[in-house]
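Given next are the chains, with one letter for each unit.
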Amino acid sequence: MSNDPLFQPLKVGAIELSHRVVMAPLTRMRAAQPGDIPNALNAEYYGQRASKGGLLITEATDITAQAHGYPLVPGIYTPAQIEGWRAVTNAVHAKGGFIFTQLWHVGRISHSSMQPHGALPVAPSAVPASGTHMTAAFETVPFETPRALEIHELADIVADFAQAAENARIAGFDGVEVHGANGYLLDQFLRTGSNKRSDRYGGSIENRARLLLEVVDAVIESIGANRVGVRLSPWGSFNDMHDDDGSLLWEFVISELDKRDIAYLHVIEPRSDFTSDSAPLDASAPDAAASFKALFRGAFISAGGYLPDTARATVGEGKADAIAFGRPFISNPDLPERIRLGAELTPHDRSTFYGGGREGYTDYPTMHQAVEA
Ligand code: PHB
């Protein structure tokens, strides 16, 4: 066996990976319309990126119609969507790979043109994110002021996550990742910049963490802790996130997740700006893996601007158990094999990230295809 730290087995809850190169969740906006339905092209894309014993995490996926915040992203709440995902999981399993789906509610990062009955987006509090968002018709508009969720609605959202996890099981997923990161609903509850509530879901760290932990508990109840991962973005500022707690919030949340014995924790390093390809990594950003790995006994996946060498060093030093790659996995369907061999990586083209068809999606060649061409 090789002594490459990235190519050692790793137990992740109920599954055993044969390597530590994970595909990060990536919005690609190519679900079939109407109905936000995963389709054959999506199955081909994930199948291309599957590897024996490797873990893929799907693009963020709506748990309900209310959870929706970007055009053309898939859902996992209708029979047709579940059926569509079944083809995706089959394609990945046929290559001996594993796949989790990322369960998403965007909260205030939506627009009334994408909400049921044209309603306002929902959030912990009626505080808009600063900046602009897109409409269903891809126009750029300022964020609307969201409607603050009533306390009785939160139990429904918890139940929606649990149902989506059950749907994921039916669709053949190996597990689910609860999206607690990047300024979407669960992160909006965690952070003081977006959560101004005075009930049991706002104020103290314990209160702000309540919705995330209730969701995780309900999802565990639905499919079992060893099938559940959680993604967090400590100190992240994407989608106008900020808070007053320094590391205390994250220490509390991660310690609570540790008690629940979930399969993995997936942490985005705040140094990386995934909306830019030219911004250098921020060397002054706090190091999330160094700060939190010791608080969590399950598998610890780190993401955020890794290259093969930095990934190998990070796992080799024990700072993380596995590394999630985003952009490099878009343009290199055989990324784990390329990293294993030290082969050159194909650069990505940001102009084809979101929307469209095959171009920039399923037409990036493997090494093998590049040689034949
Ligand atoms: C996006 O669609 O831009 C997006 C989605 C989920 C994330 C981050 C960004 O976690």
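What counts, and at which threshold
- Residues numbered from 1 in each chain as written.
- Predicted model: local features only at pLDDT ≥ 70, side-chain atom pairs only at ≥ 80, totals over all residues.
- Heavy atoms only, no water.
- Helix = DSSP H or I, 4+ residues; strand = E, 2+ residues; numbered from the N terminus.
- Rg over C-alpha atoms; globule rule 2.2 N^0.38 Å.
- Buried < 20%, exposed > 50% of the residue type's maximum accessible area, 1.4 Å probe, protein only.
- Contact = heavy atoms within 4.5 Å.
- Areas by Shrake-Rupley, 256 points an atom, 1.4 Å probe, with all protein chains shown as cover.
- Lys, Arg positive; Asp, Glu negative; His and termini not counted.
- Charge placed at Lys NZ, Arg CZ, Asp CG, Glu CD.
- Axes fitted to C-alpha atoms, helices over the stretch in contact; angles between N-to-C directions.
- Parallel < 35°, antiparallel > 145°, perpendicular 65-115°, else oblique.
- Left-handed = near helix turned anticlockwise from the far one by under 90°.
- Expected span 1.5 Å × (residues − 1).
- Salt bridge = Lys/Arg side-chain N within 4 Å of Asp/Glu carboxyl O.
- Near = heavy atom within 4 Å.
- Polar contact = N/O pair within 3.5 Å; in protein donor to acceptor, adjacent residues only side chain to side chain.
- 1 Å grid on protein atoms, 1.4 Å probe; cavity = no way out; pocket = protein on both sides within 12 Å on 5 of 7 lines; lining within 4 Å.
- Points joined across faces, edges and corners; volume = space filled by probe spheres on them.
- Nonpolar A, V, L, I, M, F, W, Y, C, P; charged D, E, K, R; others polar.

*Asks:* Which residues make up the overall build of the protein chain, and what are the values?
*Replies:* Along the protein chain, the regular secondary structure elements total 11 helices and 14 strands. A globule of 373 residues ought to have a C-alpha radius of gyration of about 21 Å, and the protein chain, at 19 Å, matches this closely. When its C-alpha atoms are laid out on the principal axes, the protein chain stretches across 60 × 45 × 40 Å. When burial is assessed residue by residue, the protein chain has 57% of its 373 residues classed as buried. Long-range contacts, defined as pairs at least 24 residues apart, comprise 71% of the intrachain contacts of the protein chain with a sequence gap of at least 6. When the accessible surface of the protein chain is split by element, carbon and sulfur atoms take 54% of a total near 14300 Å². Between the averaged position of the 31 positive side-chain charges in the protein chain and that of its 45 negative side-chain charges there is a distance of 3 Å.

*Asks:* Which residues make up the side chain of T89, and what values do they have?
*Replies:* By the element assignment, T89 lies in helix α2 (residues 79-94). Under the relative-accessibility criterion, T89 is labelled buried at 0%. Discounting chain neighbours no more than four positions away, the residues touching T89 are I99, A171, G172 and F173.

*Asks:* Run through the packing of helix α1 (residues 40-49) against α2, naming residues and quoting values.
*Replies:* Following both chains from N to C, one finds α1 and α2 inclined at 25°, their axes separated by 8 Å at the closest point. Classified by the angle their axes make, α1 and α2 are roughly parallel. Remark: the crossing between α1 and α2 carries right-handed chirality. Contact with α1, carried on its side by N42, A43, Y46 and G47, involves W85, A87, V88, A91 and V92 of α2 and no other residues of that element.

*Asks:* Break down helix α3 (residues 151-170) for me, with residues and values.
*Replies:* In a regular helix each residue adds 1.5 Å, so 20 residues correspond to 28 Å; α3 covers 30 Å between its end C-alpha atoms and thus fits that length. Within the sequence span of α3, burial applies to E153, L154, I157, V158, F161, A162, A164, A165, N167 and A168.

*Asks:* So what about the pattern of salt bridges? Which residues, and what values?
*Replies:* All told, the structure shown has 19 salt bridges when counted by the stated rule. With a closest N to O distance of 2.8 Å, R208 and D245 form a salt bridge. Separated by 37 residues along the polypeptide, R208 in helix α5 (residues 205-223) and D245 in the loop between β11 (228-232) and α6 (248-259) bring together distant segments of the chain. This pair shows no difference in class: R208 is buried, exactly as D245 is. In this structure, D217 engages R260 in a salt bridge whose closest nitrogen and oxygen atoms are separated by 2.6 Å. Note that D217 is positioned in helix α5 and R260 in the loop between α6 and β12 (264-268), a separation of 43 residues in sequence. Residue D217 is classed as partly exposed on the basis of its relative accessible area, which comes to 33%. Shared partners join several salt bridges into a network, and the residues in it are D217, E256, K259 and R260.

*Asks:* So, the site of the ligand: which residues are in play, and what are the values?
*Replies:* As a matter of local geometry, the ligand sits amid T27, Y70, W104, H179, N182, Y184, F238 and F274. One of the side-chain nitrogen or oxygen atoms of H179 is found 2.7 Å away from an oxygen atom of the ligand. Contacts to the ligand include N182, whose side-chain N or O atom sits 2.6 Å from an oxygen atom. Contact with the protein chains hides 86% of the accessible area of the ligand, taken as 280 Å² for the molecule alone.

*Asks:* I'd love a proper account of the layout of surface pockets, names of residues and values included.
*Replies:* By volume, the second largest pocket amounts to about 250 Å³. What lines the second largest pocket is a set of 19 residues, and nearest its centre among them are S237, F238, P270, S272 and D273. Looking at the lining of the second largest pocket residue by residue, the class counts come to nine nonpolar, six polar and four charged.

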